[in-house]
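So you can see what is in the structure, the chains are spelled out below.
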Amino acid sequence: MSKLLTKAASPPPVQLPSRKQSAHKGNFGRVLLVGGSRGMAGSISLSSIAALHAGAGLVSAAVPDAVLESVAGFHPALMTIPLPCDSAEFSQLAWSELRSRLSDLSAVGCGPGMGTGAGSRLLVKGLLSQKKLPLVLDADAINVLSMEGWLDDEQFARSDEDAPCVLTPHPGELQRLTNASAKDVSAQLQAAEELVRRLNFTVVVKGGPSHVVGRSPGDANDTTIQVWQNTTGNPGMATAGCGDVLTGVVTSLLGQGLDAMAAAQLAVWVHGRSGDESAARHSYAGMTALHVLETLADIADEMTSD
Ligand SMILES: NC(=O)C1=CN([C@@H]2O[C@H](COP(=O)(O)OP(=O)(O)OC[C@H]3O[C@@H](n4cnc5c(N)ncnc54)[C@H](O)[C@@H]3O)[C@@H](O)[C@H]2O)[C@@H](O)CC1
Ligand SMILES: Nc1ncnc2c1ncn2[C@@H]1O[C@H](COP(=O)(O)OP(=O)(O)O)[C@@H](O)[C@H]1O
Ligand SMILES: [Mg+2]
């Protein structure tokens, strides 16, 4: 492990259980990331490899056939699933192909680099409609929700018995989804609370700092909505692909069994922590999402109780 230059200013909000000597990769979840398109193969690769660095046992990336080799080439531990595509993006046949591959998964993340064409829309609708698998929707999956207005439809709400759904919009994506101005943090947090209240989703409002808005599990009658503010991260993270990395971390922690609020808080914390270490090792301007991704490997055990 490379020598750390920084220490966390505050402890993680929640922690993962420590790893038993007898552990095997099945203990740490089998997750799937869905996305990518020609020209944006990097985004889904960042998300998928981030899921590995956050401790997932097995990670697959379901991508348009046209970018399979590029995505597979990023990391030998990553498995890939080719899906039908038109010239650049998923085709309308992609969902019917993917739906039969969901059975033994523990979480799925969708959206990075996906594009918003007809194939992407069918995939988002299919993943949103199934309620057995924890789901993270980011980037173009959120843009599809905005374009189709699906979140106005209560049929997509999640009960406490359903698997959770986590949205991870940046302010621009949240503005498209809710009309709350990207420049008005309190309006955006109120809009996120409304999504939690109406649909029982968990929402990561990304930014500097990020917030996690959701309900803690446990007492079904406890309808309190928490708005938790992250204590890690820095402006060096305002760089292409940084959010794609977070998508993989949230998916990974859901797949390791954390509830939506805990997975989202811990993911945001460790992602910002990796951003802080990356800024110290490089510079605000010089660091990239790849540095944040790779530094996760050095600090991931800070998520685990001693
Ligand atoms: N290497 C890759 O393949 C990359 C692919 N990406 C994909 O590109 C697609 C488009 O995502 P982008 O986020 O780049 O484009 P968007 O058009 O969604 O967001 C960019 C715009 O949103 C607004 N915005 C973003 N963050 C904001 C903030 N903090 N405050 C106020 N306004 C803000 C700004 O107007 C900005 O111009 C996504 O599918 C994404 O996953 C990006 O993640 C970049 C890297
Ligand atoms: N000034 C900042 N301070 C802290 N974190 C930031 C800052 N700017 C961006 N980030 C983080 O970087 C990530 C950017 O996400 P996003 O805009 O989706 O990037 P991309 O889509 O290019 O991957 C988010 O997690 C956000 O919280
Ligand atoms: Mg993004």
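Residue numbers run consecutively from 1 along every chain, following the written order of its sequence. All chains are assigned letters beginning with A, and all ligands numbers beginning with 1, in the order in which they are written. The model is predicted, so local features are restricted to residues of pLDDT at least 70 and side-chain atom pairs to those at 80 or more, both for listing and for counting; the totals for chains, interfaces and linings are taken over all residues. Water and hydrogen atoms were dropped before computing side-chain values, which therefore reflect all heavy atoms in the structure.

> Honestly, the UniProt feature "binding site: (6S)-NADPHX" (unreviewed entry) in the protein chain in this entry has me stumped. Any pointers?
The residues that UniProt annotates with the feature "binding site: (6S)-NADPHX" (unreviewed entry) are Gly113, His170 and Asp244. Across 132 residues, the annotated set stays spatially compact, with a maximum C-alpha separation of 14.2 Å. For helices the rule is a DSSP run of H or I covering at least 4 residues; for strands it is a run of E covering at least 2, with both sets numbered from the N terminus onward. Secondary-structure assignment places Gly113 in the loop between β4 (107–110) and α4 (118–129). Each residue touching Gly113, except ones within four places of it in the same chain, is listed here: Gly36, Ser37, Met40, Ser43 and Asp140. Topologically, His170 is positioned in the loop between β6 (165–167) and α6 (171–178). For the purposes of these results, a polar contact is taken to be a pair of N or O atoms within 3.5 Å, where, inside protein, one atom must be able to donate a hydrogen and its partner to accept one; residues adjacent in sequence count only when each atom of the pair is a side-chain atom. Polar side-chain contacts of His170 include one of 2.9 Å to the backbone nitrogen of Gly172. UniProt positions are given in the numbering used here, feature names are shortened, and annotations may be inferred rather than shown by experiment. The contact criterion used throughout is that any non-hydrogen atoms of two residues lie within 4.5 Å.

> Explain the environment of Ser186 here, please?
With respect to the element layout, Ser186 can be found in helix α7 (residues 185–199). Take Ser186: its relative accessible area is 44%, and that puts it in the partly exposed class. Of the polar contacts made by the side chain of Ser186, one reaches the side chain of Asp184; its length is 3.0 Å. Relative accessible area decides the class of each residue, using a 1.4 Å probe on protein chains only: under 20% of the type maximum gives buried, over 50% gives exposed, and in between gives partly exposed.

> Would you explain the sheet that holds strand β9 (residues 226–229) in this entry?
Think of a sheet as strands paired side by side through backbone hydrogen bonds, with each pair either parallel or antiparallel. When DSSP finds two or more bridges between a pair of strands, those strands are recorded as paired. Taken in spatial order, the nine strands make up an open sheet running β3-β2-β1-β4-β5-β6-β7-β8-β9, and their pairing is mixed. Every other strand in the sheet has two partners, leaving β3 (79–83) and β9 as the edge strands with one partner each. Pairwise comparison of adjacent strand axes, ignoring direction, gives a mean angle of 15° for this sheet. With four bridges connecting them, strand β1 (residues 30–34) and β4 associate as parallel partners. Among the inter-strand pairings, Val31 is bridged to a residue of β4, identified as Ala107. This element, helix α1 (residues 41–53), spans β1 and β2 (58–64) of the sheet and lies at about 170° to β1. For every element, the axis is a line fit to its C-alpha atoms; helices are fit only across the contacting stretch, and the angle between N-to-C directions ranges from 0 to 180 degrees.

> Explain the site of ligand 1 here, please?
Residues are classed as near a molecule or strand on a simple rule: at least one heavy atom within 4 Å of it. With respect to spatial proximity, 17 residues lie near ligand 1, and among them Gly113, Asp140, His170, Arg176 and Asp244 are the closest. Contact distances for ligand 1 include 3.0 Å between an oxygen atom and a backbone N or O atom of Ser43. In the model, an oxygen atom of ligand 1 is placed 3.0 Å from a nitrogen or oxygen of the Gly113 main chain. Note that accessible areas follow from Shrake-Rupley with a 1.4 Å probe, and for residues the cover is restricted to the protein chains shown. When the free accessible area of ligand 1 is taken as 830 Å², the share hidden by the protein chains comes to 53%.

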